[in-house]
Amino acid sequence: MKRYFHGTTAIMTLSMRQNRVFTLVWLLLPGLWVAINTLSSLVLFPTQEALVKMGVTLIDPLAVAIHGPLLDVSVAGFVTWRTKVFLVLVSGIFSMIYVVRHTRLAEEQGRRELLGANVTGSLATLAAALLNMLLINAAAAVFALLGMTALGLGFTGSLAHCLGFFAAACVLGLMAGLVAQFFVGASAARGTSFGFLGLLFALHILWNVSGGNSLAAYFNPLEWPLLIRPFAGERFSVLLISLAITILLAALSLWMTHRRDVGAGLIPQREGRAFAKPGFCTLSALAWRTQKGLFLSWLIFYAVFSFALGCASYLMVNAVSSAEALAELIARLGGVDRAFMSLMLYIFSMLISVYVLMSAGILRREETAKGELLLSLPVRRSRFATGHLAYIFGGSAALALVSGLCVGLGAMIGTGDQSAVSRLFFEMAGKIPAIWAFGGISMLLFGALPRWMSGLSYGLLVLFVLLEILWEQQSVSDAVYALSPFSWVTPLKVAQPPSALVLLCAISVLLAALGIALFGRRDAAMH
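Given the structure is predicted, the values throughout are model-derived calculations rather than measurements.

A. Examining the overall build of the chain more closely. The secondary structure content of the chain amounts to 22 helices and zero strands. Contacts spanning at least 24 positions in sequence make up 77% of the contacts within the chain whose residues lie at least 6 apart. For the chain, the exposed area adds up to about 23,500 Å²; of that, 69% sits on carbon and sulfur atoms.

B. Representation of unusual backbone geometry in the model. Its identity as a non-glycine residue notwithstanding, arginine 229 has a phi of 60°, on the positive side. Following the sequence through the fold, arginine 229 ends up in the loop between α11 (224-227) and α12 (238-259). Of note, the phi angle at phenylalanine 231 is positive, near 60°, even though the residue is not glycine. For phenylalanine 231, the location among the structural elements is in the loop between α11 and α12.

C. Inspection of the nonpolar core at higher detail. Residues Met133, Trp224, Met344, Phe348, Tyr355, Met443 and Phe486 are the most contacted members of the largest nonpolar core, which totals 135 residues. Counting residues per element, this core draws most heavily on helix α16 (residues 336-375), which supplies 17 residues. Beyond its immediate chain neighbours, meaning those up to four positions away, tyrosine 355 contacts Leu294, Phe295, Trp298, Tyr391, Gly395, Ser396 and Leu399.

D. Main features of helix α5 (residues 75-102). Here α5 is 28 residues long and its end C-alpha atoms lie 39 Å apart, about the 40 Å a rise of 1.5 Å per residue gives. Maximal helix bending in α5 amounts to about 40°, located at threonine 83. In terms of burial, α5 is a largely internal element, 24 of the 28 residues being buried.

E. A look at empty space enclosed by the protein. Considering all chains together, one arrives at two cavities of 30 Å³ or more under this definition. Looking at the largest cavity, its volume works out to about 70 Å³. If you go around the largest cavity, the residues you meet are Pro69, Leu70, Leu71, Asp72, Gly77, Thr80, Trp81, Lys84, Pro225, Leu226 and Pro230. Elements that contribute at least two residues to the lining of the largest cavity include exactly α5 and α11.

F. Looking closely at the packing of helix α1 (residues 8-16) against helix α8 (residues 124-150). At a minimum axis separation of 8 Å, α1 and α8 run at an interaxial angle of 55°. Relative to α8, the element α1 is oriented oblique. Seen along the crossing, α1 lies across α8 with a hand that is right-handed. Touching Thr8, Ile11, Met12, Ser15 and Met16 of α1 are Ala124, Thr125, Ala127, Ala128, Leu131, Asn132, Leu135 and Ile136, all from α8. Its residues assigned to classes, the contact of α1 with α8 comprises nine nonpolar, four polar and no charged.

G. Focus on the side chain of threonine 83. Mapped onto the fold, threonine 83 is located in helix α5. Here the side chain of threonine 83 touches histidine 161 through a polar contact of 3.1 Å, side chain to side chain. If we skip the residues at most four places from it in the chain, threonine 83 touches Trp33, Val34, Asn37 and His161.

H. Examining the packing of helix α17 (residues 381-415) against helix α22 (residues 498-519) more closely. For the pair α17 and α22, interaxial distance at closest approach is 10 Å and the crossing angle is 150°. With respect to α22, the axis of α17 lies roughly antiparallel. In the crossing of α17 with α22, the sense of the turn from one axis to the other is right-handed. Of α22, the residues touching α17 (which contributes Arg381, Ser382, Phe384, Ala385, Thr386, Leu389 and Phe393) are Ser508, Ala512, Ile516 and Phe519. Its residues placed into classes, the contact of α17 with α22 shows seven nonpolar, three polar and one charged.

I. Molecular detail of the pattern of salt bridges. What the rule picks out here adds up to two salt bridges. Glutamate 107 is the salt-bridge partner of arginine 104, the closest N and O atoms lying 3.3 Å from each other. Of this pair, arginine 104 and glutamate 107 both sit in helix α6 (residues 104-108), separated by three residues, roughly a single helical turn. On the basis of relative accessible area, glutamate 107 is assigned to the buried category, the value being 14%. Put simply, glutamate 367 and arginine 364 hold a salt bridge, and the shortest N to O gap is 2.8 Å. Residue glutamate 367 and its partner arginine 364 are both found in helix α16; the two are separated by three residues, about one turn of the helix.

J. Quick peek at a nonpolar patch on the surface. Among the surface-exposed residues, Leu24, Leu28, Leu32, Ile36, Val142, Phe143 and Leu146 lie close enough to one another that they form a single nonpolar patch of about 620 Å² accessible area. At the level of elements, α2 (20-44) and α8 are the ones that each hand at least two residues to the nonpolar patch. For the nonpolar patch, the element with the most residues is α2, which contributes four residues. Looking at the element boundaries, leucine 28 is found in helix α2.

K. Spotlight on the side chain of histidine 102. Its location among the elements puts histidine 102 in helix α5. For histidine 102, a relative accessible area of 6% corresponds to the buried category. Among residues more than four places away in sequence, those in contact with histidine 102 are Ser15, Gln18, Asn19, Thr125 and Ala129.

Conventions and cut-offs
Throughout, a residue's number is its position along its own chain's written sequence, starting from 1. Local features in this predicted model are restricted to residues of pLDDT 70 or higher, and side-chain atom pairs are both shown and tallied only at a pLDDT of 80 or more, whereas totals for entire chains, interfaces and linings draw on every residue. Note: side-chain values were computed over all heavy atoms of the structure, leaving out hydrogens and water. Numbering of helices and strands runs from the N terminus, with a helix taken as a DSSP run of H or I at least four residues long and a strand as a DSSP run of E at least two residues long. When checking whether two residues touch, look at their non-hydrogen atoms; a contact exists if any pair is within 4.5 Å. Note on areas: Shrake-Rupley with a 1.4 Å probe; residue coverage comes only from the protein chains shown. Throughout, nonpolar core names a set of buried Ala, Val, Leu, Ile, Met, Phe, Trp, Tyr and Cys residues whose side chains join them through atoms within 4.5 Å. Remark: exposure states derive from per-residue accessible area (1.4 Å probe, protein chains only) relative to the maximum for the residue type, with buried under 20%, exposed over 50%, and partly exposed in between. Working rule for helices: expected span equals 1.5 Å times residues minus one. Here the bend at a residue is taken as the angle between two axes, fitted respectively to the seven residues that end there and the seven that start there. Detection works on a 1 Å grid of protein atoms alone, calling trapped sets that fit a 1.4 Å probe cavities and calling open sets with protein on both sides within 12 Å along at least five of seven lines pockets, with lining residues defined by an atom within 4 Å of a point. Grid points are joined across faces, edges and corners, and a volume is the space filled by probe spheres set on the points. Angular values range over 0 to 180 degrees, each being the angle between N-to-C directions of two axes fitted as lines to C-alpha atoms, with helices fitted over their stretch in contact. Note on terminology: angles under 35 degrees are roughly parallel, angles over 145 are roughly antiparallel, angles of 65 to 115 are roughly perpendicular, and the others are oblique. Helix crossings fall into two classes, left-handed where the near helix is turned counterclockwise from the far one by less than a right angle and right-handed where it is turned clockwise. Under the grouping applied here, Gly and all other residues not named as nonpolar or charged are polar, the nonpolar ones being Ala, Val, Leu, Ile, Met, Phe, Trp, Tyr, Cys and Pro and the charged ones Asp, Glu, Lys and Arg. Here a polar contact is recorded for every N or O atom pair within 3.5 Å, except that within protein the pair must consist of a potential hydrogen donor and a potential acceptor, and residues adjacent in sequence are included only if both atoms are side-chain atoms. Should a side-chain nitrogen of Lys or Arg be within 4 Å of a carboxyl oxygen of Asp or Glu, the pair is scored as a salt bridge. Patches draw on residues past 30% relative accessible area with no salt bridge. Two like charges within 9 Å are joined, as are two nonpolar side chains (Val, Leu, Ile, Met, Phe, Trp, Tyr) within 5 Å.

This is the structure:
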C-alpha cells in the first residue's frame, strides 16, 4: 500500500509552490471577511439594545432565504449568521478549482504523466491534491478563528463556526476530486462540480424558505454551519457526519483513480463523427459547439429551480407577513409576495453573472487551444470573438428571461396571482443590464489582459457582492455602492429611471467593442 503513495510529500511541496496568489487569497479571504463583518457589527451595534432595535431590520426575506434563521441575538451570533454561507461558498469553490486543477487538468495537460515518469506512486498526485486542499482550508479556518477571538468573540462559538465552514469546504473539494474521476476533460469535471454546488445551494434556499427541518439537511454541507449552532448551544456532534462523508469520498476517489488509466475517465469519451455535419462550417457553429453544454445546463437548471421556487413562494409569504421590521420594505415593493420574489430575482441576476464569466472563459480557452490554427485561415479576429458574444450576452439574457417566466408561472400556481407571469418576466428583464456589465468587463479584460482575465473578472464579481453585503449592513455609502452594477437594479433602493439602464447597456457594449479592438492589436493565444 505504501508504494501507491510514494512521492506524495514531494508533489505536495511542488503544488504549494505553484499558484501562490490563488493560495494566498484562499487563505486570507475567510479571516478578512469575518473581521470586516465583526468590526462593522461592533460599530453598528455598540450595545445589545441597539442590536435588538436595529439588527432585526437588516433581516430581510432575501437574507432569511440565504442564511436561514438567526440563532442568537448578539454581535457574535449576527456575525456568524451573516458570514457562514459566504465562507462555505468561497472556500468550497476555491477547493473545487484547486482539486480539479491538480488532478484532471494535470492529466489533460500531460503534467500527471510527466510526474509519473519519476519515482511516484499511482495515487500520489490525487493524495497530494486532497491533502493540500485540507491543509489550506485548515489554515484558513485557523486564521478566521484567531481573528474572531482577537476581536472579542467567544472561543467556543468561534471554533464551532470555523469548524463548520472548514468541514463543508473540505467535503466540497473531495466531491470535486470524486467527480474528476468520471470525466476526461477538466471543464466537464469543473462544470459538474459547480452544478452539484448549485443544486446544494438551491436545496439550502428551499429549506430556508419552507422553514422545515429535514434529516436530509444533515447531508448538505451548506447546512452544517447552522446545524452546529455556534454561540447558541454548540453541537459539535454534527461534525461526525462530515467526518464520515470525508472518509467515504476520499476512499472512493482513491479507489477510482487506482482502477482507471492515466488520462482516461470512468465515463468513456464519446467518439466524434467521421465527417462533420453540413452546417458545421462557420465560426458561429463552432461557438455553439463549445458553448452549448454550459448554456443548456444552466438553462435547464434555472427553468426547473425557478419554477419550483415560484410554486413555493407562498411559504415565505406566510413566514414574513407578520414581521414589523420588514413593513417599510414590503410596502415599498408592493406586498409580501412581491417583496420576496423581487429579492429572489435579484439574487438570480447575481448568479447569472457567473455564467457570463464562465462563457467568456470558454472564449479565452478556445483562443489558447485553437486560436493559432483558426487565425491561420482566412478568419478575422473580430469574427472569432463575436461568435461567442451571442452566448455571453444573448445566452445570459435568455437565462434571465426564462428564469423570470418560469418563476412567474410557479408563482401564479402557488399564489393564484394571474399577473405574476408578466410582472416577474419584465422585472427580471430589467436585471439584464447589470448582468451584461460583466460581459463588457470580461471582454475588455480578454482584449487587454488575457492572462489575468479569469482572476480579475471573478475578483470584481466577488468585490461587487461584498459591496452589496456591506451596503446592506450600512457599512458603505450609497456613492461607493453605486460602483457596483447590481446597485442599479437592486429592489432595496428606489427604482432607477430607464435611462440609467440604457446607459449601463451602452457602457457594456462599449467595453465589449473596446475589448475586441484590443484583441485585434495584441498577440494571439497569449498564455
